[in-house]
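Fold and contact review
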Number of protein chains: 2
Amino acid sequence: MSAPTLRDVARHAGVSVRTVSNVVNNYAVVAATTRARVQASIDLLGYRPNLLARHLKQGRSRIIGLVVPELDVPYFAELARLIIARARARGYTVLIDQTDGDARRERELITEHAYALSFDGVIVSPLALTADDLRERRSGLPLLLLGEKLFGGGADHVAIDNVGAAREATAHLLAAGRRRIAAIGVQPGAVTGTAALRVQGYRLALAEAGVEPDESLLVPAARYHRANGAAAMAGLLDRPDPPDAVFCFNDLLALGALRVALTRGLRVPQDLAVVGFDDIEDGRYSTPTLTTVAPDKELLARHAVEQLLGRIEDGDTGDPLELRTPYRLIVRESAPRGSRRVGHP
Amino acid sequence: MSAPTLRDVARHAGVSVRTVSNVVNNYAVVAATTRARVQASIDLLGYRPNLLARHLKQGRSRIIGLVVPELDVPYFAELARLIIARARARGYTVLIDQTDGDARRERELITEHAYALSFDGVIVSPLALTADDLRERRSGLPLLLLGEKLFGGGADHVAIDNVGAAREATAHLLAAGRRRIAAIGVQPGAVTGTAALRVQGYRLALAEAGVEPDESLLVPAARYHRANGAAAMAGLLDRPDPPDAVFCFNDLLALGALRVALTRGLRVPQDLAVVGFDDIEDGRYSTPTLTTVAPDKELLARHAVEQLLGRIEDGDTGDPLELRTPYRLIVRESAPRGSRRVGHP
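With an unreviewed UniProt entry as reference, chain A is termed HTH-type transcriptional regulator DegA, source organism Streptomyces smaragdinus.

See the structure below:
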């Protein structure tokens with residue numbers, strides 16, 4: 001037998017669900033006699049108002065906003081699932097908005113919307129927000145930032161070590177004998193953010209191996225979708241001196257690059273090794289499967305939710321924290337270990 | 001120059017963003033002199049409060065709830081993006097909740113949460129909701145249902161013709177000379193819902209081609225994820241009489257099945273043709289690319305949003321509508337047209 005619901009109480013008391021909800025929330029609109037009747041049914045059936053109802057009375061909504069740029073980028077969808085599960089286990093509902101990286105929409109959510117919806121806190125994976133925007137957020141709104149933007153932005157921040165991860169991915173290709181390693185996903189002119197950090201790690205690995213970087217192998221991508229990876233790869237393969245490996249700044253770029261390479265008749269990994277970033281499920285089922293950097297998404301979600309709830313529930317007002325979560329390189333078919341020996345680097 | 005924001009007004013008036021928000025929303029907490037000062041800044045800068053703020057005053061939140069089972073199933077992520085875009089164009093924000101098909105969570109959202117968050121309306125892709133649940137929703141809450149559940153459930157409903165689509169997919173394989181066509185994604189015992197409708201279409205096509213159905217080729221899948229497709233395919237290939245084609249009830253199942261077939265050394269489509277359902281982006285970049293049923297997601301999103309907004313804005317209280325959106329079979333590498341002739345069916 002399942003626990004009695006609002007609906008059961010409504011039926012028993014012979015009133016609408018709305019009326020029961022009004023009683024539970026202690027709204028003044030219910031007549032005293034009706035209120036008494038509903039309360040009697042609640043007591044008799046042993047109905048426990050759900051968390052939301054109870055916490056609204058306590059001035060808490062038990063609702064967290066989650067703001068991501070693109071839900072159809074699997075990395076965000078997978079992360080959202082883990083954050084939702086974690087928050088749910090703590091009695092919170094997560095509502096998601098997708099901003100497409102639009103600054104105005106990102107800002108709206110931590111100002112107007114956070115008010116209107118009485119969010120207890122917000123987790124944001126920002127693309128365009130500035131430290132200035134953060135200062136203007138709803139006063140006292142607990143906020144947690146995910147990802148590679150806005151370090152030191154005056155809010156708690158959870159991310160992996162992107163420089164270290166990119167360096168390890170590139171070193172893996174170098175150790176396999178690759179020397180002409182392209183990087184797809186560069187954002188020209190960017191000095192902060194995902195691309196800048198990953199380029200930094202890529203350069204570091206090349207320098208450590210004594211390999212002279214070829215700037216023409218750094219290929220921009222406006223977005224990190226399959227189509228961008230495919231276009232970038234096509235450009236690289238049209239050159240007289242194509243690369244023997246490619247490090248893509250996310251798995252979607254890598255899957256697009258992989259498709260183009262196979263279509264052109266290249267063997268992966270023999271002719272071209274491919275490494276991605278994110279460890280989305282797609283890369284575990286592609287042919288060949290994808291070597292990739294796997295952030296510990298489970299831990300990332302846990303850190304994000306626990307840190308935010310610490311601010312919400314314990315009223316923790318200490319200095320903003322920078323939390324680092326671990327990652328690991330997962331070696332699969334698209335770039336195995338030491339797959340080719342090269343005599344002359 | 002961009003339009004002035006709440007923040008610009010706050011700076012100009014020398015008050016906090018919260019105070020400006022309070023003035024805009026006409027809350028009583030602001031002192032008259034402050035209110036006058038803020039109003040002067042609003043007028044001077046030509047600030048137009050955003051839609052949300054304006055509509056809160058009108059008793060509308062301009063917020064729509066979108067309830068889907070699983071955001072990391074790309075079909076839902078892609079559909080969510082289109083619904084968000086469409087609603088946004090009409091001045092609405094969409095907030096998403098993921099229910100994992102849990103009946104209680106689906107119910108919560110159209111009852112308690114719909115109140116607490118003042119949703120103007122809700123779009124639900126239900127897995128577990130019953131017609132009974134719908135009757136108990138927040139009174140007057142405009143509701144729109146997506147997908148293959150709850151036909152005639154007392155709310156507007158948008159879906160494609162699943163029987164017709166499954167029939168066409170199966171007929172395509174038959175026309176290519178396949179005779180032992182497996183179906184992956186069956187839900188044993190289900191008489192309504194996605195699987196039941198697609199099995200119906202599959203049987204119809206076989207009957208029309210005079211092919212005797214082999215019940216052992218109807219393979220269940222508890223969920224519609226890559227791992228389920230992989231497990232089902234492995235089981236089929238372990239048999240002494242494996243199929244020469246497989247119709248998977250979504251693309252994720254098909255991508256899992258594809259991976260296992262290739263790993264076992266089968267050639268796709270020569271040895272095994274594969275057809276999916278949903279036309280998610282993954283199947284356009286897999287090797288081989290995936291033949292699939294493509295619902296017109298753009299139109300589906302448009303119908304859903306426009307029909308819901310008709311209920312919200314025009315107060316349309318007419319009978320619930322059943323809206324059919326079109327689909328088409330997209331033929332790609334995994335199951336080309338007429339790829340094999342078979343003399344003896």
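Right, let's talk about the packing of aromatic side chains for a bit. Residue and element names in this part refer to chain A. One pass over the structure, following the stated rule, counts six aromatic pairs over all chains. Residues Tyr75 and Phe76 carry aromatic rings whose centres are separated by 5.6 Å and whose planes lie at 70° to one another, so their mutual orientation is edge-to-face. When the ring of Phe247 is compared with that of Phe277, the centres are 6.4 Å apart and the planes differ by 35°; the resulting orientation is tilted. You can see Phe247 sitting in strand β8 (residues 245–248) and its partner Phe277 sitting in strand β9 (residues 273–277), a full 30 residues away along the chain. Taking the relative accessible area as the measure of exposure, Phe277 reaches 0% and is therefore buried. Through successive ring pairs, a cluster of aromatic residues spans Phe247, Phe249 and Phe277. Above the plane of the ring of Phe277 lies Arg198, whose end atom (NZ or CZ) is 3.5 Å from the centre.

Among the nonpolar cores identified, the biggest contains 160 residues, and A:Ile96, A:Ile123, B:Ile96 and B:Ile123 are the most heavily contacted of them. Once residues lying within four places of it in the same chain are set aside, the contact partners of B:Ile123 are B:Ile64, B:Gly65, B:Leu66, B:Val67, B:Ile83, B:Leu144, B:Leu146, B:Ala304, B:Val305 and B:Leu308. Counting residues in each nonpolar core, the second largest holds 28 residues, with A:Ile63, A:Val67, B:Ile110 and B:Leu145 among its members.

Our next topic: the interface of chain B and chain A. Counting residues at the interface gives 57 residues for chain B, matched by 57 residues for chain A. Of the roughly 5,500 Å² buried between chain B and chain A, counting both surfaces, carbon and sulfur atoms make up 52%. Where chain B packs against chain A, one counts 12 salt bridges. The partner of B:Asp100 in a salt bridge is A:Arg81, and the shortest N-O contact between them spans 3.0 Å. Run the count over chain B and chain A and you get 18 residue pairs in polar contact (both at pLDDT 80 or more). Broken down by element, the residue count for the side of chain B that touches chain A peaks at eight residues, all from helix α6 (residues 103–116) of chain B. Of the residues that constitute the side of chain B that touches chain A, the class distribution is 22 nonpolar, 11 polar and 24 charged.

Bringing the pairing of strand β11 (residues 322–325) of chain B into the picture now. Where a strand is regular, its side chains alternate between the two sheet faces. Residues and elements named next belong to chain B. Alternating positions in β11 separate cleanly, Leu323 and Thr325 being buried on one face and Glu322 and Arg324 remaining unburied on the opposite face. Here four bridges tie strand β5 (residues 156–160) to β11, and the two strands are oriented parallel to one another. From the neighbouring strand, Ile160 faces β11, where its bridge partner is Thr325.

With that settled, the discussion passes to the packing of helix α8 (residues 162–175) of chain A against helix α9 (residues 194–208) of chain A. All names here are of chain A. Interaxial distance between α8 and α9 falls to 7 Å at its minimum, and their mutual angle equals 45°. If you check the angle between α8 and α9, you find them oblique. Both α8 and α9 take part in a crossing whose hand is right-handed. In this structure, α8 uses Asn162, Val163, Ala166, Arg167, Thr170, Ala171 and Leu174 to contact α9, whose residues at the interface are Leu197, Arg198, Gln200, Gly201, Tyr202, Leu204, Ala205, Leu206 and Glu208. Partitioning the contact of α8 with α9 into residue classes produces nine nonpolar, four polar and three charged.

With that out of the way, let us pick up the side chain of A:Thr170. Checked against the element boundaries, A:Thr170 lands in helix α8. For A:Thr170, the contacting residues outside a window of four places in its chain are A:Ile181, A:Tyr202, A:Ala205, A:Leu206 and A:Phe247.

With that settled, the discussion passes to helix α11 (residues 251–263) of chain A. Residue and element names in this part refer to chain A. Its 13 residues give α11 an end-to-end C-alpha distance of 18 Å, which sits within 8% of 18 Å, the value for a rise of 1.5 Å per residue. Judged by how many residues are buried, α11 sits mostly within the fold: 11 of 13 residues are covered. Along α11, the positions that sit buried rather than exposed are Asp251, Leu252, Leu253, Ala254, Leu255, Gly256, Ala257, Leu258, Arg259, Val260 and Ala261. Taken from the residues just after α11, Gly265 is the one with a positive phi, measuring 90°.

All right, on to the packing of helix α5 (residues 74–89) of chain A against helix α13 (residues 297–313) of chain A then. Residues and elements named next belong to chain A. It is at 9 Å that the axes of α5 and α13 come closest, and there the two elements cross at 50°. The angle between α5 and α13 places the two elements in the oblique class. You can see that α5 and α13 cross each other, and the crossing is right-handed. Counted together, Tyr75, Glu78, Leu79, Leu82, Ile83, Arg86 and Ala87 of α5 and Lys297, Glu298, Leu300, Ala301, Arg302, Val305 and Glu306 of α13 form the full contact between these two elements.

On to the relation of the copies chain B and chain A, then. Mapping chain B onto chain A calls for a screw motion: a turn of 180° about the axis and a shift of 0.0 Å along it, with 0.1 Å RMSD after fitting. Seen this way, the second copy is the image of the first under a two-fold rotation axis. Relative to the rotation axis, the C-alpha of B:Ile96 is the closest in chain B, positioned 2.5 Å from it. Counting the interface residues of chain B, we find that 100% of their copies in chain A are interface residues as well, pointing to one common contact surface.

Once that is clear, we can look at the pattern of salt bridges. Summed over the entire model, instances satisfying the criterion amount to 50 salt bridges over all chains. For A:Arg311, the salt bridge is made with A:Asp316, and the minimal N-O distance between the two is 3.2 Å. On the basis of relative accessibility, which here comes to 12%, the residue A:Arg311 falls in the buried class. Judged by relative accessible area, which is 34%, A:Asp316 ranks as partly exposed. Here the residues in one salt-bridge network are A:Arg226, A:Glu281, A:Asp282, B:Arg226, B:Glu281 and B:Asp282, joined through shared partners.

What follows is about the sheet that holds strand β12 (residues 327–330) of chain B. Residue and element names in this part refer to chain B. Strand order across the open sheet formed by six strands is β7-β6-β8-β9-β10-β12, with mixed pairing between neighbours. Strand pairing shows two members of the sheet lacking a second neighbour, β7 (218–220) and β12, which therefore form its edges. In this sheet, adjacent strand axes meet at a mean angle of 20° when their direction is disregarded. Pairing between strand β8 (residues 245–248) and strand β9 (residues 273–277): three bridges, direction parallel. Bridge pairing links Val246 to Val274 in β9. Where helix α10 (residues 226–237) meets the sheet, it contacts β6 (181–186), β7 and β8, and its direction lies at approximately 145° from that of β6.

On to the sheet that holds strand β12 (residues 327–330) of chain A. Two orientations exist for strands paired in a sheet by backbone hydrogen bonds: parallel and antiparallel. All names here are of chain A. Pairing in this open sheet of six strands is mixed, and the strands run β7-β6-β8-β9-β10-β12 from one edge to the other. Sheet topology places β7 (218–220) and β12 at the edges, where each strand pairs with a single neighbour. Taking the axes of each pair of neighbouring strands and ignoring which way they run, one obtains an average angle of 20° across the sheet. With three bridges joining them, β9 and strand β10 (residues 291–295) adopt parallel strand pairing. Following the sheet pairing, Val275 is matched in β10 by Thr291.

Cut-offs used in this document
Residues numbered from 1 in each chain as written. Chains lettered and ligands numbered in written order. Predicted model: local features only at pLDDT ≥ 70, side-chain atom pairs only at ≥ 80, totals over all residues. Heavy atoms only, no water. Phe/Tyr/Trp six-rings, centres within 6.5 Å; stacked < 30°, edge-to-face > 60°. Helix = DSSP H or I, 4+ residues; strand = E, 2+ residues; numbered from the N terminus. Buried < 20%, exposed > 50% of the residue type's maximum accessible area, 1.4 Å probe, protein only. Lys NZ or Arg CZ within 6 Å of the ring centre and 35° of its normal. Core = buried A, V, L, I, M, F, W, Y, C linked by side-chain atoms within 4.5 Å. Contact = heavy atoms within 4.5 Å. Buried area = accessible area lost by both parts, 1.4 Å probe. Salt bridge = Lys/Arg side-chain N within 4 Å of Asp/Glu carboxyl O. Polar contact = N/O pair within 3.5 Å; in protein donor to acceptor, adjacent residues only side chain to side chain. Nonpolar A, V, L, I, M, F, W, Y, C, P; charged D, E, K, R; others polar. Pairing = 2+ DSSP bridges. Axes fitted to C-alpha atoms, helices over the stretch in contact; angles between N-to-C directions. Parallel < 35°, antiparallel > 145°, perpendicular 65-115°, else oblique. Left-handed = near helix turned anticlockwise from the far one by under 90°. Expected span 1.5 Å × (residues − 1). Least-squares fit on C-alpha atoms with pLDDT ≥ 70 in both.

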